[in-house]
Amino acid sequence: MNANRKVKGILGRKLGMTQLWDDNNRVIPVTVIEAGPCVVTQVRTPERDGYAAVQLGFGAIKAKAVTKPAQGHFEKAEVTPRRHLMELRTSDAAEYELGKEIDASTFETGEVVDVIGITKGKGTAGVMKRHGFKGLGAGHGVHRKHRSPGSIGECSTPSRIFKGMRMAGHMGVERQTTQNLTVARVDVEHNLILVKGAIPGPKEGLVVVRSAVKKVVA
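What comes next concerns the included structure. Every residue gets a number counted from 1 within its own chain, in the order that chain's sequence is written. Restriction of local features to residues with pLDDT of at least 70 applies here, the model being predicted, together with a cutoff of 80 or more for giving and counting side-chain atom pairs; totals for whole chains, interfaces and linings are based on all residues. Computation of side-chain values: all heavy atoms of the structure, hydrogens and water removed.

### Remarks on the overall build of the chain
- Per the convention used, a helix needs a DSSP run of H or I reaching at least four residues, while a strand needs a run of E reaching at least two, with both numbered from the N terminus. Looking only at helices and strands, the chain features three helices and twelve strands.
- For the chain, whose C-alpha radius of gyration is 23 Å, the value lies well above the compact-globule estimate of 17 Å for 218 residues.
- The dimensions of the chain, computed from C-alpha atoms along their principal axes, are 70 × 50 × 35 Å.
- Across the 218 residues that make up the chain, the buried fraction comes to 35%.
- The protein chains shown are the only cover counted for residues, whose accessible areas, like all others here, come from Shrake-Rupley with a 1.4 Å probe. Looking at the chain as shown, the accessible area adds up to about 13800 Å², and 51% of this sits on carbon and sulfur atoms. For a compact globule the rule gives 2.2 Å times the number of residues to the power 0.38, and the radius of gyration it is set against comes from C-alpha atoms. The cut-offs for exposure are 20% and 50% of the maximum accessible area for each residue type, with area from a 1.4 Å probe on protein chains only; residues under the lower value are buried, those over the upper are exposed, and the others partly exposed.

Following this line, the structure appears as structure tokens:
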């Protein structure tokens, strides 16, 4: 992300999906996000840290569950301990103050955002489910290996397996960014942001909502 861009962001939890109706009485699928409230726990400056950024804290946690260094960090910001921390690089970081509260009013209806989350865990999966392989043929000449990947190239040439070869293995639990989602509605009273479409992660999963990095081409 360009460090010279002004970026807005907030931490939240994915609550689930529902639907709304637009002005033309068409159904719009939306994901409900509990956005914040977050507090500013640190402000980084180019003079001291080499770059401009703001650190946000989200989620309550008992003070006895926080390490001593973390306790000092929160005490310096004069805020109660928070479970999750996120750093957001933005050119206007100097405008933030320690202890400032960030809520759902950061974003407006119709704004385009990116949502970052951790995908659902699928356990160990084969190549068809994990990578979308076609599988082997279904004719009588094929052994019972219809969902196998086929050759992985370890014969005399090149006599080894290339790094990054798509094979069966653990699927999910990866950081994923869904870009260019439109904010359908903002409920400041209940700290809710409703975005059109689906976002990564399970219910109650931690997500980051930030300004869209890429411009939407009409």
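### Describing the layout of surface pockets
- Grid spacing is 1 Å over the protein atoms alone, the probe is 1.4 Å, and a cavity is where that probe fits but cannot get out, while a pocket is an open set with protein on both sides within 12 Å along at least five of seven lines and lining residues have an atom within 4 Å of a point. Grid points are joined across faces, edges and corners, and a volume is the space filled by probe spheres set on the points. A volume near 320 Å³ is recorded for the largest pocket.
- M86, E87, I116, R175 and V208 are the residues nearest the centre of the largest pocket, which is lined by 14 residues in total.
- Element by element, the count of residues in the lining of the largest pocket is highest for strand β5 (residues 82-89), at five residues.
- Considering only enclosed or pocket space, the second largest pocket measures out at about 160 Å³ in volume.

### Some details on a positive patch on the surface
- Together, K120, K122, K129 and K203 make up a region of like positive charge exposed at the surface.
- Of note, K122 is situated in the loop between β7 (112-118) and β8 (123-125).
- Overall, K122 belongs to the partly exposed group, its relative accessible area being 42%. Patch membership needs two things, relative accessible area over 30% and no salt bridge, and members are linked within 9 Å if like-charged or within 5 Å if nonpolar (Val, Leu, Ile, Met, Phe, Trp, Tyr). Counted as salt bridges are all cases of a side-chain nitrogen of Lys or Arg within 4 Å of a carboxyl oxygen of Asp or Glu. His is not counted, nor are the chain ends, whereas Lys and Arg count as positive and Asp and Glu as negative. Charge positions are represented by NZ for Lys, CZ for Arg, CG for Asp and CD for Glu.

### Quick word on the pattern of salt bridges
- Evaluated as defined, the whole model comprises eight salt bridges.
- With its nearest N and O atoms 3.3 Å apart, the salt bridge here joins R44 to D49.
- For D49, a relative accessible area of 25% corresponds to the partly exposed category.
- The partner of R210 in a salt bridge is D114, and the shortest N-O contact between them spans 3.9 Å. Within this pair, whereas R210 is found in strand β12 (residues 206-211), its partner D114 is found in strand β7, the two being separated by 96 residues in sequence.

### Structural notes on the side chain of T119
- Within the secondary structure, T119 is located in the loop between β7 and β8.
- Definition of a polar contact: a pair of N or O atoms within 3.5 Å, with one able to donate and the other able to accept a hydrogen when the atoms are protein atoms, and with sequence-neighbouring residues admitted only if both atoms are side-chain atoms. Of note is the side chain of T119, whose polar atom sits 3.1 Å from the backbone nitrogen of V173.
- In what follows, a contact means two residues having at least one pair of non-hydrogen atoms within 4.5 Å. Those residues in contact with T119 that sit more than four places away from it in its chain are G172, V173, E174, Q176, P200 and G201.

### Comments concerning the sheet that holds β5
- DSSP-based pairing: two strands are paired if at least 2 bridges between them are found. The four strands are arranged β5-β4-β3-β6 in an open sheet whose pairing can be described as antiparallel. Taken across any chain shown, the strands that pair with only one partner, and hence form the sheet edges, are β5 and β6 (101-102).
- In this structure, strand β3 (residues 38-44) lies alongside β6, joined through two bridges in antiparallel fashion. What sits directly across from C38, in β6, is I102.
- To get an axis, fit a line to the C-alpha atoms, keeping to the stretch in contact for a helix; angles then go from 0 to 180 degrees between the N-to-C directions. Of the strands in this sheet, β3, β4 (53-60) and β5 touch helix α2 (residues 68-77), which is tilted by about 95 degrees from β3.

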